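Commentary on secondary and tertiary structure
As a plain string of letters, each chain reads:
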Amino acid sequence: MTHEPQPGVRADWILAAAGMLAAGLTMCSTAHADALAAVQVLREGGCGGLMPAAAPLHHSAVLDRAAEQWASGVALSAAIQRGGYAADAIAGLKVRAADADLIGALRPASCRTVSNRDLQDIGVYRRGSDHWLVLTSRASTPDRSQAPALAARALALVNRVRASGTHCGQRSFAPASPVTLSATLGTVALGHAADMAEHDYFEHNDLSGRSPAQRVREGGYQETLVGENIAYGPRSIDEVVQGWLDSPDHCENIMDPRFAQMGIAYAPGKLSRHGLFWVQLLATPRVAG
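Quick caveat, the model's predicted, so the values are computed rather than measured. The numbers attached to residues start from 1 for each chain and follow its sequence in the written order. Side-chain atom pairs in this predicted model are given and counted only at pLDDT of 80 or more, local residue features only at pLDDT of at least 70, and totals for whole chains, interfaces and linings cover all residues. Just so you know, side-chain values use all the structure's heavy atoms and leave hydrogens and water out.

1. Looking at the confidence of the model for the chain
Note the following rule: pLDDT is a residue-level measure of predictor confidence that goes from 0 to 100. The way it works is that DSSP assigns letters per residue, a run of H or I at least four long becomes a helix, a run of E at least two long becomes a strand, and they are numbered from the N terminus. When checking whether two residues touch, look at their non-hydrogen atoms; a contact exists if any pair is within 4.5 Å.
Chain-level pLDDT for the chain is 84 on average; 84% of the residues reach the 70-or-more range. Within the chain, strand β8 (residues 180-181) carries the highest mean pLDDT (98), whereas strand β1 (residues 13-14) carries the lowest (32). Scored below 50 in pLDDT, residues 1-31 shows 75 contacts in the model against residues more than four places distant or in partner chains.

2. Re the pairing of strand β11 (residues 276-285)
Stated formally: Here's how the labels work: a residue is buried when its accessible area is under 20% of the maximum for its type, exposed when over 50%, partly exposed in between, all with a 1.4 Å probe on protein chains only. Two strands form a pair only when DSSP identifies at least two bridges running between them.
In terms of residue burial, β11 counts as a mostly covered element, since nine of its 10 residues are buried. The sheet contact formed by strand β9 (residues 223-232) and β11 spans nine bridges and is antiparallel. Pairing of Tyr-232 across the sheet is with Phe-277, part of β11. Sheet analysis places strand β10 (residues 261-268) next to β11, joined by eight bridges and oriented antiparallel. Bridge pairing in β11 links Pro-268 to Leu-276.

3. A look at the state of the cysteines
To keep things clear, this is the line we draw: Here, the term disulfide refers to a pair of cysteine sulfur atoms separated by no more than 2.5 Å.
Inspection of the entire model under this criterion finds two disulfides. Through a disulfide, Cys-47 is tied to Cys-111; the S-S separation comes to 1.8 Å. Here Cys-111 lies in helix α5 (residues 102-114) and Cys-47 lies in helix α2 (residues 46-49), a separation of 64 residues in the sequence. Relative accessible area serves as the criterion here: at 8%, Cys-111 is assigned to the buried category. The partner cysteine of Cys-168 in its disulfide is Cys-251, sulfur to sulfur 2.1 Å. Taking the sign of the S-S torsion, -60° for the link of Cys-168 and Cys-251, the bridge is left-handed. On the criterion of sequence distance, the pair formed by Cys-168 in strand β6 (residues 166-168) and Cys-251 in helix α10 (residues 248-255) is long-range, its members being 83 residues apart. Across this residue pair, the class does not change: Cys-168 and Cys-251 are buried. For the chain, the disulfide bridges join cysteines in the arrangement 1-2, 3-4, where the cysteines are counted in sequence order.

4. Notes on the sheet that holds strand β5 (residues 130-138)
Sheet architecture is open: four strands sit in the order β2-β4-β5-β3, paired in mixed fashion. The sheet terminates laterally at β2 (58-59) and β3 (87-96), the two strands that pair on one side only. Bridge count for β2 against strand β4 (residues 121-127) is two bridges, and the pairing is parallel. When the bridges of β4 are listed, His-58 appears paired with Asp-121.

5. Points about unusual backbone geometry
Backbone geometry follows two general trends: most residues other than glycine have a negative phi, and most peptide bonds adopt the trans configuration. With a phi angle near 55°, Cys-47 is a residue other than glycine that sits in the positive phi range. One non-glycine residue, Asp-200, adopts positive backbone phi at about 60°. Relative to the elements of secondary structure, Asp-200 occurs in the loop between α7 (183-199) and α8 (212-218). For Asp-200, a relative accessible area of 24% corresponds to the partly exposed category.

6. Concerning helix α3 (residues 61-71)
What counts is decided by this rule: Polar contact is the term for a pair of N or O atoms within 3.5 Å; when the atoms are in protein, one must be able to donate a hydrogen and the other to accept it, and sequence-neighboring residues count only if both atoms are side-chain atoms.
Looking only at α3, the buried set comprises Val-62, Leu-63, Asp-64, Ala-66, Ala-67 and Ala-71. Between the side-chain oxygen of the N-cap and the backbone nitrogen of Val-62 there are 3.3 Å, and the N-cap of α3 in question is Ser-60.

7. Looking at the nonpolar core
Quick reminder of the rule: The set of buried Ala, Val, Leu, Ile, Met, Phe, Trp, Tyr and Cys residues whose side-chain atoms join them within 4.5 Å is what this entry labels a nonpolar core.
Counting residues in each nonpolar core, the largest one holds 27 residues, and the members touching the most others are Ile-237, Val-240, Val-241, Trp-244, Met-262, Ile-264 and Trp-278. The set of elements that each furnish at least two residues to this core consists of α6 (147-164), β9, α9 (237-246), α10, β10 and β11. At seven residues, α6 tops the list of elements feeding residues into this core. Not counting the four nearest positions on each side in its chain, Met-262 is found in contact with Ala-154, Leu-155, Val-158, Val-179, Thr-180, Leu-181, Ser-182, Leu-185, Gln-280, Leu-281 and Leu-282.

8. A few points about the pattern of salt bridges
As a reminder of what qualifies: We count a salt bridge whenever a side-chain nitrogen from Lys or Arg sits within 4 Å of a carboxyl oxygen from Asp or Glu.
Counting across every chain of the model gives 10 salt bridges. Between Arg-210 and Glu-218 there is a salt bridge, with the nearest N and O atoms lying 2.7 Å from each other. Here Glu-223 ties to Arg-217 by a salt bridge, and the two come within 3.1 Å at their closest N and O atoms. The class for Glu-223 is buried, based on a relative accessible area of 1%. It is possible to trace a salt-bridge network through shared partners that takes in Asp-206, Arg-210, Arg-215, Glu-218 and Glu-228.

Following this line, the structure appears as structure tokens:
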């Protein structure tokens, strides 16, 4: 049976510099908030005037998981690499203190690290009164030569969860057949990512009003069903895919058994946003005859 073309599910995921998530994503826990707040206060105040003030750090779920693995005995650099995060610099801090005492515990010995203006991202793990903090600076934006490898990694992550089945919010999905990469879908995804980056907007419909299905069709792909996930901010492919899986609407797109192919692309922001814009297209090709 032929389905009418469908627009992508409306499920925008924005990861801003201060670590804010759009509705539908899990907010950071109180433990994270307390440790993050202590670090941000110290950075903003230059550790009480001892150091130059520094911009807030971006809270990264990938680094949260790295901090948890580090607390379990995995080498910090290995834990970060496992998450697919590319770092230029890494700093790890372990602090034992009650929440109310975190600022006082960090200030004497860790002020220089916490206030380092070269660091950009942070992850936190807590066990009792022990806190593991991972602070990093991101590697430079991946260039186009890395795009095939990133697409292959995204495909592996998507097919891994499709093979096992998962819950998207309250909805349970059984295992689904793997999807394959489509060069045409990848090209269409790149066009939309680049357009959002160039014109500083974040929407499924582009500035001319075209839906994901319309763009796919105009790109030469004969479809019966189209879904689109978009994201802004993450620098690693593991982080952006996990963010989509943590958001029920995005997750449902990924797990929809009707989809057979996907394309994924990214583009760096050029105006007020300096993170990466990501676009994932999932589609069902029209069968000839």
